[in-house]
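The residues making up each chain are set out below.
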Amino acid sequence: MAHHDLYDDHTLSHEELKFREHTERAGHFIRIDLFRSAREEFKAALAYKPGDEKCIQGITEMNYNIQRDKKVVFVVAPLILAIIAAVIIFS
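The rules behind the values
- Residues numbered from 1 in each chain as written.
- Predicted model: local features only at pLDDT ≥ 70, side-chain atom pairs only at ≥ 80, totals over all residues.
- Heavy atoms only, no water.
- Helix = DSSP H or I, 4+ residues; strand = E, 2+ residues; numbered from the N terminus.
- Rg over C-alpha atoms; globule rule 2.2 N^0.38 Å.
- Buried < 20%, exposed > 50% of the residue type's maximum accessible area, 1.4 Å probe, protein only.
- Contact = heavy atoms within 4.5 Å.
- Areas by Shrake-Rupley, 256 points an atom, 1.4 Å probe, with all protein chains shown as cover.
- Salt bridge = Lys/Arg side-chain N within 4 Å of Asp/Glu carboxyl O.
- Phe/Tyr/Trp six-rings, centres within 6.5 Å; stacked < 30°, edge-to-face > 60°.
- Lys NZ or Arg CZ within 6 Å of the ring centre and 35° of its normal.
- Polar contact = N/O pair within 3.5 Å; in protein donor to acceptor, adjacent residues only side chain to side chain.

1. Things to note about the overall build of the chain
Then comes step 1: Helix and strand counts for the chain come out as three helices and zero strands.
Then comes step 2: Computed over the C-alpha atoms, the radius of gyration of the chain is 20 Å, more than 25% above the 12 Å expected from 2.2 N^0.38 for a compact globule of 91 residues.
Then comes step 3: Considering only C-alpha atoms, the chain reaches an extent of 70 × 30 × 15 Å along its principal axes.
Then comes step 4: Looking at the chain as a whole, 24% of its 91 residues are labelled buried.
Then comes step 5: Counted over contacts in the chain with a minimum sequence separation of 6, partners at least 24 positions apart contribute 38%.
Then comes step 6: When the accessible surface of the chain is summed, it comes to about 6800 Å², and 64% of that surface belongs to carbon and sulfur atoms.

2. Here we look at the pattern of salt bridges
Then comes step 1: Going through the model one piece at a time under the given rule, you end up with eight salt bridges.
Then comes step 2: The partner of R25 in a salt bridge is E21, with the nearest N and O atoms 3.2 Å apart. Of the two residues, R25 and E21 both sit in helix α1 (residues 14–31), four residues apart, roughly one turn of that helix.
Then comes step 3: Judged by relative accessible area, which is 30%, R25 ranks as partly exposed.
Then comes step 4: One network of salt bridges, with partners in common, ties together K18, E21, R25 and E41.

3. Let's talk about the environment of C55
Then comes step 1: Residue placement: C55 occurs in helix α3 (residues 53–90).
Then comes step 2: Note on C55: relative accessible area 1%, which makes it buried.
Then comes step 3: Contacts of C55, omitting those with residues within four sequence positions, involve F19, T23, F42, A45 and L46.

4. Focus: the packing of aromatic side chains
Both the distance between ring centres and the angle between the ring planes are used here to describe each pair of aromatic rings.
Then comes step 1: In this structure the tally under the stated criterion is zero aromatic pairs.
Then comes step 2: Looking at K49, its charged tip hangs above the ring of F19, at a distance of 4.4 Å from the centre.

5. With respect to the side chain of E41
Then comes step 1: Here E41 lies in helix α2 (residues 35–46).
Then comes step 2: You can call E41 buried: its relative accessible area is 12%.
Then comes step 3: One polar contact links E41 to R25, side chain to side chain, over a distance of 3.2 Å.
Then comes step 4: Setting aside its immediate chain neighbours within four residues, E41 contacts H22, R25, A26 and F29.

Listed below in structure tokens is the structure:
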């Protein structure tokens, strides 16, 4: 994998590079709905910029997405099981 412009600015400190690396990785995880992984990347980024509002907001949004997905699973899974049971019983 080729490095892109994240590493082109040689004036950035190590901390800034690591912060950008984690926040960029979080963005990639969000695009593929891996909200837990994205949340962990935002948390890791906070180690390099404590109190960063965008990271804190990102963590809040990921927590919301994770909770929303849990609710969907708790509603959909029993319905699927009921359908499977009905098919087995009535076939």
